[in-house]
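# Per-entry structural report
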Amino acid sequence: MFRREKLDEIEKRKKAWEETTLKRSLERFGLEKSPTSFCSPLDIKEHDFLGRVGFPGEYPFTADVYPTPGPDTGPDFLSGGTGLVRASNYTGFGTPEDTRDFYQYMKSLGRQGLAPGVGPNLAFDLPTQCGYDSDDPIARGEVGKTGVAVDTLRDFEVIYEAFTGNSELDRIASNWTINAPCNVILSMYMALAEKRGVPIEKLRGTPQNDILKEFAARGTYIFPPRPSIRMVRDSITFCTRHLPNMNTISISGYHMREAGATGEQVLAFTFSDAMAYVQLGMDAGLDVDAFVPRFTFLTFSGSMEILKEIALQRAARRMWAKIMRERFRAKNPRSWIMRAAQRATVGEYSKTRHRPLNNLTRAVLEGVASALSGGTGYTGYPYDEPLGLGHSLEGWQLNIDAARIIRYEARLCDVVDPLAGSYYIEALTDEIENKAWEIIDKIDAMGGAVAAIESGYIQREIARSAYQHQREVEKGERVIVGVNRFVGENELDVTTTRLVPHPYDPVKRDMAEERQLANLKLVKVRRNGKAVLKTLKELREAARKEDVNLIPYIFEAVKEYATIGEICNELRGVFGEYEPFAL
C-alpha cells in the first residue's frame, strides 16, 4: 500500500519527532512516557485493502457482512414496524400467565417491539434452564425469579396465547435463552404448532443452544460435555431436515466476556466452540453449506474502550469468514457470514449500580460503537439494568431515543465501516486478530474446544482474566466513574422520576412459585400417567444409543405433558451430571 521510500521517510520523521517535539512536551510535564499513542502508515506497512478489508458484503467481510442494511432496520425496530420477522426484547418472569399478560400489556402500548411479525424472546427461570421442575426441592425460592417458569407444554400454551392471529406461530420468530434442555423447549414449540395446525417447517426462531459456553462461564449445564454436544448435534440435524427456517444455535461469546474473558480470549473461545459445532454437523453427515447458514452469533459483550470493541468486531467478521472458507471449505458465501443481530457492544459488566443514570452515557457510547462497526446504533440495556430483573419503561424510552438520535440526528449509520483505513483501527484490528489466532492454535493443539473445557483450560483462563480485572479496579488502575473514583461527598447521586409502574409486577413475582406449583399439580392430575411413563421409558432406551436422535422421543413425551424435569431426569440417568472444576 505504501512505497518503501515513503515509509523510510516517515520513519525518519517519526524518530525526529520523538527526539524533539515529543521529548520537549514530556519534559515540560515531567513525564517519562506519553500517556497517548499515535499511529501512522508505519503501523500498517503491509496493509492490503482488498485482502484485509474489502467491500461490505464481500469476503473477508471486515467492513460488514452485508453491503447495506436494506430496509430501515434501525432503532425503530424496538417499537416494531419494519416488516421483518424477528423476536422482541429479552423478557419473561413469574408464571406463564404473568409473562403472557406482560406481552399482551406491552402490545397494547406498542412496546417491546411486539408488532405483527414479532415474537417473544423468552427468558427462563433457573430451574427451567437447569432441567428441574418447579416442585423439585432444589428449585425452592427460584421459581419465576430470573425468567418465566416452564414445566410442561401447558405453560407454552399459556405464554403463546399472546401470539395469535397476525402473530400466529408461522408469522413470528421466537427466541429462547435455553441451552442444556434446549431440545425439550424446541419440542414444546413443535407440539404447540401441531395443536394449532401450523406445519413445523414454517416455524422460525433461535434457541441459544450453545452448551459449551455454559461449562466455560454461564453455568446452566446438566450433563457432561460429550453427551451435551450430542444434544446439540440432534438439534442441528433435526432442524436442518425438518425445520428449515429455524436457526439451530446462537453461539455466545457474551457470557464468557461477562465472566472475565478479554477481547482476544472471547474471540478465540467463541470461534473454537463454533468450530466444534460445525464439526458436529459434518460428522453427522450434513453438508457444511446445508446447516452453517442457520448458525447465528450473540454479541461478544465488550468493554468501555469502544475503539477496541469496534476493531474486535472487524476482526471477528474476518476470522469467521476465513475459518469457514479455508478450514471447512464452505462454498456458499452465506456460510462465511458471521450472522449477528448486533455489532460492537458495551457489556453489562460495565454498567454500575452506583449512580445508575451514568449507565445512559455508557449506553450512548455503546450505540456509537455499534454504528461505527456496522450496527444500528443499538444502545443495549437501559440504565436500570443493574438494579434488578426487568427494565423500567422510562429506561427503555431513554435508550430507544438515544439510538434514534445516533441514527437520525447524528447520522452515524450513513456510512458503512467509516473507520476503515484508519492507521490505528487497522493496526488494532490486526493485533486483536493475531492474538486470538494464537489462542485458537493452543486450543487446537489440545484437541479442540471440548477437550479444552474437559481439561479446565478455558475456565482457568477466564478466571485468571477476571481476577486481573478486579485487581485493577480495586487498585484504581482501571477507573470506573462513581465506583472507585469521583466518589466524594460533593458528588450527586442523580435519580429520575418513575412515571408508570414497573412492567414486572413485584407482587406477582413473589407469588409466582406458589401459583406455578398449583399449575403443575393440576397438569399431573389431568394427564395420562401411563402414556407419560411409556414415552419416558422409550426416551431412556433411545438415549443409550449414541447414533439415535432424541428429539422425536422428547417430542412424544412433551405431547403427553411429561415435565421438563422428568425428561431431564431420564437423561441424567443415562448421561450422568457434570461436576464443575474447582478453579
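Quick notes on the rules
Residues numbered from 1 in each chain as written. Predicted model: local features only at pLDDT ≥ 70, side-chain atom pairs only at ≥ 80, totals over all residues. Heavy atoms only, no water. Axes fitted to C-alpha atoms, helices over the stretch in contact; angles between N-to-C directions. Helix = DSSP H or I, 4+ residues; strand = E, 2+ residues; numbered from the N terminus. Parallel < 35°, antiparallel > 145°, perpendicular 65-115°, else oblique. Left-handed = near helix turned anticlockwise from the far one by under 90°. Contact = heavy atoms within 4.5 Å. pLDDT = per-residue confidence, 0-100. Polar contact = N/O pair within 3.5 Å; in protein donor to acceptor, adjacent residues only side chain to side chain. Core = buried A, V, L, I, M, F, W, Y, C linked by side-chain atoms within 4.5 Å. Buried < 20%, exposed > 50% of the residue type's maximum accessible area, 1.4 Å probe, protein only. Domains from an automatic or database assignment. Pairing = 2+ DSSP bridges. Right-handed = clockwise from strand over helix to strand, strands pointing away. Buried area = accessible area lost by both parts, 1.4 Å probe. Salt bridge = Lys/Arg side-chain N within 4 Å of Asp/Glu carboxyl O.

A few words now on the packing of helix α20 (residues 529-543) against helix α22 (residues 564-575). For the pair α20 and α22, interaxial distance at closest approach is 9 Å and the crossing angle is 30°. Between α20 and α22, the angle falls in the class roughly parallel. Where α20 crosses over α22, the handedness of that crossing is right-handed. Contact with α20, carried on its side by Val532, Leu536, Leu539, Arg540 and Ala543, involves Glu566, Ile567, Glu570, Leu571, Val574 and Phe575 of α22 and no other residues of that element.

Mean pLDDT over the chain stands at 92; residues scoring 70 or higher make up 95%. Low pLDDT (under 50) marks residues 77-84, which in the prediction has 19 contacts with non-local residues, meaning those over four places away or in another chain.

Attention now goes to the packing of helix α8 (residues 225-242) against helix α21 (residues 551-559). Relative to each other, α8 and α21 sit at 90°, their axes nearing to 10 Å. The angle between the axes of α8 and α21 places the two elements in the roughly perpendicular class. Of the residues in α21, those in contact with Met231, Asp234, Ser235 and Phe238 of α8 are Ile551, Pro552 and Ile554.

Let us now look at the side chain of arginine 154. Within the fold, arginine 154 resides in helix α5 (residues 153-159). A distance of 2.3 Å separates the side chain of arginine 154 from the side chain of glutamate 97, its partner in a polar contact. Among residues more than four places away in sequence, those in contact with arginine 154 are Pro96, Glu97, Gln516, Asn519, Val523 and Tyr561.

This paragraph deals with the nonpolar core. Residues Phe156, Tyr160, Trp176 and Phe271 are the most contacted members of the largest nonpolar core, which totals 122 residues. Here the element with the most residues in this core is helix α10 (residues 263-283); it accounts for 11 residues. When residues of this core are sorted by domain, at least three fall in each of domain 2 (41-68 + 209-487) and domain 3 (89-207 + 527-583). Leave out the neighbours within four places in its chain, and phenylalanine 156 touches Leu122, Phe124, Val150, Trp176, Ile185, Met188, Tyr189 and Leu192. Listed in part, the 6 residues of the second largest apolar core include Ile306, Val346, Ala369 and Leu372.

Turning to the pairing of strand β4 (residues 204-207), a few remarks are in order. Look at any regular strand and the pattern is simple: side chains alternate between the two faces of the sheet. Looking at chain direction, strand β3 (residues 173-176) and β4 are connected through 4 bridges and run parallel. Each residue of the ladder has a partner; that of serine 174, found in β4, is glycine 205. Between the parallel elements β3 and β4, the chain passes through helix α6 (residues 182-196) in a crossover that is right-handed.

Attention shifts here to the pairing of β3. One ladder, built from 2 bridges, connects strand β2 (residues 118-122) with β3; its direction is parallel. Within β3, the residue paired with asparagine 121 across the bridge is asparagine 175.

On to the domain arrangement of the chain, then. Segmenting the chain into domains produces domain 1 (4-38), domain 2 (41-68 + 209-487) and domain 3 (89-207 + 527-583). In this structure, domain 2 and domain 3 have C-alpha centres spaced 26 Å apart. Between domain 2 and domain 3, the contact holds 44 residues from the first and 55 residues from the second. Each partner contributes to the roughly 3,900 Å² buried at the junction of domain 2 and domain 3, and carbon and sulfur atoms together form 60% of this total. Run the count over domain 2 and domain 3 and you get 1 salt bridge. Across the pair glutamate 546 and arginine 233 runs a salt bridge, and its minimum N-O distance is 3.3 Å.

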